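Reading the structure
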Amino acid sequence: METQFRYVIPVEPRAATGRVAQVYAQLADDFGMARMAVFLTLSPAPEVLAATWSLLRESLLAGDASRTGKEVVALGVSMANRCPFCVAAHTTLLHATGDHRLAETIARGGTPDDPEHAALLAWATSRRGGAGPEHIGTALAFHFINRMASALLTENLLPANLQKSRLVRSLGGRVMARTVRRRLPPGESLPLIADLPARPEPAWGAGTAVGAAYAALRAAGADGGELLGDAARAAVAGTVAAWDGEHPPMGGAWLDAPLAEVPAGERAGARLALLTALAPYRVTDADVAAWRGSRPDGDLVRLCAFGAISAMERMETLITGSAFTGGRS
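Described in the following lines is the structure provided in the data block. (Residues numbered from 1 in each chain as written. Predicted model: local features only at pLDDT ≥ 70, side-chain atom pairs only at ≥ 80, totals over all residues. Heavy atoms only, no water.)

Quick word on the nonpolar core
Counting residues in hydrophobic clusters, the biggest one holds 103 residues, and the most contacted among them are Trp53, Phe144, Met148 and Leu300. Of all the elements, helix H15 (residues 297-319) adds the most residues to this core, at 13 residues. When residues no more than four places from it in sequence are discounted, the contact partners of Phe144 are Val48, Thr52, Leu217, Ala305, Ala308, Ile309 and Met312. (Core = buried A, V, L, I, M, F, W, Y, C linked by side-chain atoms within 4.5 Å. Buried < 20%, exposed > 50% of the residue type's maximum accessible area, 1.4 Å probe, protein only. Helix = DSSP H or I, 4+ residues; strand = E, 2+ residues; numbered from the N terminus. Contact = heavy atoms within 4.5 Å.)

The structure is reproduced here in structure tokens:
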């Protein structure tokens, strides 16, 4: 049976309880979909699931900035991160905003006619610059989500890769149009993460629902580092801190130096976390098997989240370095 899930058996909505059930319920109400593969694959780690959903909701779905402009950011980041699953999803969601030409222009690598959309796309794909809290939060959410999707899911948003059809994308967007065009009040996801640990809110989002959600996701992701030994954790942190935001060269030689000082028993975990951080589309069955052993699905999600959060935090330092001066989008 064809499945989108490479390594995790998700908690199905009908079997969900507690925090997972609460996230699924809000996701269905606010996103309009009872099943979303990215969130299903995070479900074995409820704290990661809830914090990821909260940041996505408060940045992309809620607030005052237009959904069209934020979908441009989500699509641009997903393209820059080479995440076909998320590119297909957010091309469809751009169709749902009603701007079908914009969706297909970006999908084929073109430049939007609207100068503000063009500026947002350039900002999202360049991995440099800054914007308002909703745009920054959206960009950072997808720097995390893209990595988790690329590492843990197949590329197929729909069976038989039907998402590659322009007609299917357009029809899918029309089905979701009513939900996507609603304006949601900010803050309604925060009760789902209120009892979770949190890091300090970022200066760019302090005092906002986006900032609170970002602080919770940083803490949830960082906790996954406890699955690594000290040397492995330090190797990941040091490598990502020196990263320039670009894709690593082909092959695996770029991993040799950071792993050289890591004890042999810790290298598989460090390798998997670094791949998730910097090249998640290169995670293989062998990489997962070398670390996983008998560890449960939740631990795999948490380790990958540690790699993804490390990259997200590094991207935060890069994309908040200069101001984007867009207006209505």
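Right, picking up where we left off after that structure.
Some details on the pattern of salt bridges
For the coordinates displayed, the defined rule picks out 14 salt bridges. Among the ionic pairs, Glu58 bridges to Arg57, the shortest N-O distance being 3.1 Å. Taking relative accessible area as the criterion, Glu58 reaches 2% and is therefore assigned buried. Classification of Arg57 as buried rests on a relative accessible area of 0%. (Salt bridge = Lys/Arg side-chain N within 4 Å of Asp/Glu carboxyl O.)

What to know about the state of the cysteines
Applying the stated criterion across every chain yields a total of zero disulfides. Left without a disulfide partner, Cys86 is nearest to the cysteine sulfur of Cys83, which lies 3.3 Å away. Take Cys86: its relative accessible area is 3%, and that puts it in the buried class. (Disulfide = S-S within 2.5 Å.)

So, the side chain of Arg57
Structurally, the position occupied by Arg57 is in helix H3 (residues 46-61). If we ignore the near neighbours within four places in the chain, the residues touching Arg57 are Gln26, Asp30, Ala62, Leu184, Pro185, Pro186, Gly187, Glu188 and Ser189.

Regarding the packing of aromatic side chains
Following the criterion strictly, the structure yields two aromatic pairs and no others. Their ring planes at 85° and their centres at 5.8 Å tell us that Phe39 and Trp53 sit as a pair that is edge-to-face. Placement of Phe39 in helix H2 (residues 37-42) and of Trp53 in helix H3 is noted, with a sequence separation of 14 residues between them. Over the ring of Phe31 we find Arg67; its NZ or CZ atom is 5.8 Å from the centre of that ring. (Phe/Tyr/Trp six-rings, centres within 6.5 Å; stacked < 30°, edge-to-face > 60°. Lys NZ or Arg CZ within 6 Å of the ring centre and 35° of its normal.)

A short note on helix H5 (residues 84-96)
Taking 1.5 Å as the rise per residue, H5 with 13 residues should run 18 Å; its terminal C-alpha atoms sit 18 Å apart, in good agreement. Counting buried residues in H5 gives 11 out of 13 residues, a clear majority hidden from the surface. Three or more residues of H5 are buried, namely Phe85, Cys86, Ala88, Ala89, His90, Thr91, Thr92, Leu93, Leu94, His95 and Ala96. Once H5 ends, the next one or two residues include Gly98, with phi positive near 100°. (Expected span 1.5 Å × (residues − 1).)

So, the packing of helix H1 (residues 18-31) against H3
Running from N to C, H1 and H3 cross one another at 20°; their axes reach a closest spacing of 9 Å. Between H1 and H3, the interaxial angle falls into the category roughly parallel. The crossing of H1 and H3 is left-handed. Contact with H1, carried on its side by Arg19, Val20, Val23, Tyr24, Gln26, Leu27, Asp30 and Phe31, involves Pro46, Leu49, Ala50, Trp53, Leu56, Arg57 and Leu61 of H3 and no other residues of that element. Partitioning the contact of H1 with H3 into residue classes produces 11 nonpolar, one polar and three charged. (Axes fitted to C-alpha atoms, helices over the stretch in contact; angles between N-to-C directions. Parallel < 35°, antiparallel > 145°, perpendicular 65-115°, else oblique. Left-handed = near helix turned anticlockwise from the far one by under 90°. Nonpolar A, V, L, I, M, F, W, Y, C, P; charged D, E, K, R; others polar.)

Comments concerning the environment of Leu42
The residue Leu42 is located in helix H2 in this model. Taking the relative accessible area as the measure of exposure, Leu42 reaches 1% and is therefore buried. The sequence separation of Leu42 and Asp297 amounts to 255 residues, and the corresponding C-alpha distance is 9.1 Å. Non-local contacts of Leu42, meaning those with residues more than four positions away in its chain, are made with Val48, Leu49, Thr52, Met148 and Val301.

Points about helix H10 (residues 209-223)
Side chains of residues three or four places apart in an α-helix project in the same direction, reflecting 3.6 residues per turn. With 15 residues, H10 should cover 21 Å at 1.5 Å per step; its first-to-last C-alpha distance of 22 Å lies within 8% of that length. Across the 15 residues that make up H10, a large majority, 14, are buried.

Things to note about the environment of Ala107
Mapped onto the elements, Ala107 comes out in helix H6 (residues 100-107). Residues Ala107 and Ala88, 19 residues apart in the sequence, show an inter-C-alpha distance of 8.4 Å.

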